[in-house]
Amino acid sequence: YNMSEVEANQNDEAEDDQELDVGSTHFNPLRALYATDYKITEKKPKVLYQNIAAFESAFAKVGIWGLNKRQKDKNSTEAKSDQVEMVLDPMNVRRFEPHQMAIKGTIKKKHQRNIFTHMASTEGPLALLQKCLPDSEVRPRVRVYQRNERGIRGSLEGDLVAFDKQWNLLLKNVIETWQRRKYKYSEQKICDPAVEADCHARLRALGITLPTVKVKSLNRKNVQLTREIPSVMIRGEHVVLINIISKS
């Protein structure tokens, strides 16, 4: 290539740039319309006009420098100020009757029911056990009679902690008393002689201490056994009778 051809190519490229430049006097809209990936500007316009008529009216009103700026609506600001003045004017305030006033809403909470709410709302015979709970002022002790497969097994006396509608009871500081027949020849015939009857040593190795059982002879055939238990839960199906007794 010679110098004249290089200069001609540079001139053509300059003319092409001017034809695609919106601000140039040589701008060619037809070429810009068919050009690939042509963008007028990288900045997004603040105002988009719906048609040519809207653009011409805005151009005639604000000029070339105000086309891409949002115009403040004076009518809307004046209307808002008028509304504020009308609200502040006591003559324009609507006077409501007491029954027409707004009602204060309440937040709906999910009803939570547990053993404590059940004990507080108990009715009938179970309601008498409320005076034996820890929150009561007097808090007497209770004596619960239990049954076995044949009849009355014995009784438990202690402080009531909790109960439910199935008569399941939770007691603490319990004294359990029951009776059984004397073993013949002072031997336990129920256990297998090959197995050691006393398992206290094995329980002590596991860290379990059984309560001490006190034995008292009642007559020639029966003995009374008593032991103290820190806490115990009694199933409702074993409860026969509940007596409220004083601590004395």
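Residues numbered from 1 in each chain as written. Predicted model: local features only at pLDDT ≥ 70, side-chain atom pairs only at ≥ 80, totals over all residues. Heavy atoms only, no water.

### What to know about a positive patch on the surface
A cluster of basic residues, Arg 181, Lys 182, Arg 220 and Lys 221, forms a positive patch at the surface. The exposure class assigned to Lys 221 is partly exposed, which follows from its relative accessible area of 40%. (Patch = residues over 30% accessible without salt bridge, like charges linked within 9 Å, V, L, I, M, F, W, Y side chains within 5 Å. Areas by Shrake-Rupley, 256 points an atom, 1.4 Å probe, with all protein chains shown as cover. Salt bridge = Lys/Arg side-chain N within 4 Å of Asp/Glu carboxyl O. Lys, Arg positive; Asp, Glu negative; His and termini not counted. Charge placed at Lys NZ, Arg CZ, Asp CG, Glu CD. Buried < 20%, exposed > 50% of the residue type's maximum accessible area, 1.4 Å probe, protein only.)

### Remarks on the pattern of salt bridges
Under the definition given, this model contains 7 salt bridges. The residue Arg 141 makes a salt bridge to Glu 157 at a minimum N-O spacing of 3.5 Å. Residue Arg 141 is found in strand 1 (residues 141–147), and its partner Glu 157 is found in strand 2 (residues 152–163); the two are separated by 16 residues along the sequence. A salt bridge links Arg 143 to Glu 157; the shortest N-O distance between them is 3.3 Å. One end of the pair, Arg 143, is in strand 1; the other, Glu 157, is in strand 2, and 14 residues separate them in sequence. Taking the relative accessible area as the measure of exposure, Arg 143 reaches 24% and is therefore partly exposed. The partly exposed category is assigned to Glu 157, whose relative accessible area is 22%. What emerges from the salt-bridge pattern is a single network uniting Arg 141, Arg 143, Glu 157 and Asp 159. (Helix = DSSP H or I, 4+ residues; strand = E, 2+ residues; numbered from the N terminus.)

### A short note on the packing of aromatic side chains
In total, this model carries 1 aromatic pair according to the counting rule given. Each ring, one from Phe 55 and one from Phe 59, has its centre 6.4 Å from the other, and the planes form 15 degrees; the classification is stacked. One end of the pair, Phe 55, and the other, Phe 59, are both in helix 3 (residues 52–62), 4 residues apart, so they sit about a helical turn from each other. Judged by its relative accessible area of 40%, Phe 59 is partly exposed. The ring of Trp 178 has Arg 153 lying over it, and the distance from NZ or CZ to the ring centre is 5.0 Å. (Phe/Tyr/Trp six-rings, centres within 6.5 Å; stacked < 30°, edge-to-face > 60°. Lys NZ or Arg CZ within 6 Å of the ring centre and 35° of its normal.)

### Things to note about unusual backbone geometry
Positive phi values are uncommon outside glycine, yet Trp 167 reaches one of about 70 degrees. For Trp 167, the position within the fold is in the loop between strand 2 and strand 3 (169–181). On the accessibility criterion, Trp 167 (33% relative accessible area) is partly exposed. In the Ramachandran plot, Asn 173 falls in the positive-phi region, its phi being about 55 degrees despite a non-glycine side chain. Residue position: Asn 173 is located in strand 3.

### A look at the sheet that holds strand 2
Read across the open sheet, the 6 strands follow the order 4-5-3-2-1-6; overall the sheet is antiparallel. Sheet topology places strand 4 (214–217) and strand 6 (239–245) at the edges, where each strand pairs with a single neighbour. Strand-to-strand twist of the sheet, defined as the mean angle between neighbouring strand axes without regard to direction, takes the value 25 degrees. Two elements, strand 1 and strand 6, share 6 bridges in a ladder whose sense is antiparallel. Of the residues in strand 6, the one forming a bridge with Val 144 is Ile 242. (Pairing = 2+ DSSP bridges. Axes fitted to C-alpha atoms, helices over the stretch in contact; angles between N-to-C directions.)

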